[in-house]
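Geometric and topological summary
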Amino acid sequence: MSEPVKKVSIIVSQGSLEGVYPGLIMANGARMDGIEANLFFTFFGLDAIIKKRIRKLKVATVGNPAMTLPGGLPFPTLLGMIPGMSAVATAMMKSEMEKLDIPPVDEFLEMIHDSGAGIYACKLAMDMFHYKEDDLLEQVDGILTVGQFYEASAGAQIIFT
Amino acid sequence: MSQKEIAGQTIEFDDEGYMVDHTAWNREIAAVLAQEEGIETLTDRHFDVIEFMRKEVAEKGTAPSIRRLNKLNVVPTKELYQLFPGGPAKKAARIAGLKKPEGCI
């Protein structure tokens, strides 16, 4: 039999709502199965753990060829450029997620933190966006360099999202 | 499928060790299943969770999510992970005599 997964390190590099959720769901799912998990937020993914940004995450309505209108017709990129369209798409996705018992990002991170997973910010991205430790959610366990991230990932499978 | 003799009853289990008929469950069976899961003794807090899960299944047909257990103040997420280390949803369901949880959350 193949060796079961024992530990995962999940990198969240995107700041759109659909870019953030997969990593959160995988980290939470890992903990639910007794798998050790660390989440590492970098580049625009940092938005998910920045206090003043976390509630503003949105679905990207431009440049997404898989996007459809309700009913399944293609969603023209030009439509996505209309101001407020991203907010509408975000509200729709959030309500669908709530139906499936998927928590909002802030509640989800709290849940993941309480499950014993580590939540880390990327040092370089913090410097690049001029964020300070105070800007981070209280659930964040620390700010790591790439080297420290690999150290924390010893024995883990690394997943980039 | 397999059968096991617990507390004078013959209990049927599926291939993954979950009870086939949750109505055959009792606390003695829970204690035996808990030991198999590495939990020496079941406390009142374990039973708060287990009994609530069983109640929800009886009423709604599905077991509550970890999020729901937290929201309804049955058990905070942190404590749930301490009570059932190494996979709370599955362990709690198995000990509660319920089928394997299917959700992703």
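Just so it is clear, the model here is predicted, and its values are computed rather than measured.

Basis of the calculations
- Residues numbered from 1 in each chain as written.
- Chains lettered and ligands numbered in written order.
- Predicted model: local features only at pLDDT ≥ 70, side-chain atom pairs only at ≥ 80, totals over all residues.
- Heavy atoms only, no water.
- Helix = DSSP H or I, 4+ residues; strand = E, 2+ residues; numbered from the N terminus.
- Expected span 1.5 Å × (residues − 1).
- Buried < 20%, exposed > 50% of the residue type's maximum accessible area, 1.4 Å probe, protein only.
- Contact = heavy atoms within 4.5 Å.
- Buried area = accessible area lost by both parts, 1.4 Å probe.
- Salt bridge = Lys/Arg side-chain N within 4 Å of Asp/Glu carboxyl O.
- Pairing = 2+ DSSP bridges.

Brief notes about helix α2 (residues 44-60) of chain B
Working note: α-helix, 3.6 residues per turn, so residues spaced by three or four point in the same direction. Residue and element names in this part refer to chain B. With 17 residues, α2 extends 24 Å from end C-alpha to end C-alpha; this agrees with the ideal 24 Å at 1.5 Å per step. Those residues of α2 that fall on the buried side of the exposure criterion are H46, F47, V49, I50, F52, M53, R54, E56 and V57. On its buried face, α2 sits against α1 (27-36), α3 (66-71), α4 (77-83) and α5 (88-95). Positive backbone phi, approximately 90°, marks G61, located one or two places after α2.

A closer look at the interface of chain A and chain B
At the interface, 16 residues of chain A touch 15 residues of chain B. At the boundary of chain A with chain B, total buried surface from both sides reaches about 1400 Å², with 55% on carbon and sulfur atoms. The largest contributions to the chain A side of the interface with chain B come from M32, D101 and D114 of chain A, which together make up 42% of the buried area. Put simply, chain A and chain B have five salt bridges between them.

Topic: the pattern of salt bridges
As enumerated under the stated definition, the model contains 20 salt bridges over all chains in all. One salt bridge connects K90 of chain B with D33 of chain A, and the closest N-O pair in it is separated by 2.7 Å. Of this pair, K90 of chain B sits in helix α5 while D33 of chain A sits in the loop between α1 (17-32) and β2 (36-41), placing the two residues on different chains. Exposure remark for D33 of chain A: the relative accessible area of 39% places this residue in the partly exposed category. The residue K123 of chain A makes a salt bridge to D127 of chain A at a minimum N-O spacing of 2.8 Å. Here the residue K123 of chain A and the residue D127 of chain A both occupy positions in helix α5 (residues 123-128), the gap between them amounting to four residues, near one helical turn.

Examining α1 of chain A
The first and last C-alpha atoms of α1 of chain A sit 22 Å apart over 16 residues, in line with the 22 Å expected at 1.5 Å per residue. Following α1 of chain A by one or two positions, G34 of chain A adopts a phi angle in the positive range, close to 75°.

A look at the pairing of strand β1 (residues 2-6) of chain B
Residues and elements named next belong to chain B. Pairing between β1 and strand β2 (residues 9-13): five bridges, direction antiparallel. The partner of K4 across the bridge, within β2, is I11. Between β1 and β2, which follow one another and run antiparallel, lie two residues, and A7 among them has a positive phi close to 50°.

Some points on the pairing of strand β1 (residues 7-12) of chain A
Residue and element names in this part refer to chain A. Among the six residues that make up β1, six are buried, leaving the element largely enclosed by the rest of the structure. Here β1 shows two buried faces, one formed by K7, S9 and I11 and the other by V8, I10 and V12. Of the strand pairs in this sheet, β1 and β2 are connected by six bridges, and their pairing is parallel. From the neighbouring strand, S9 faces β2, where its bridge partner is N38.

Keep in mind these values describe shape, not function.
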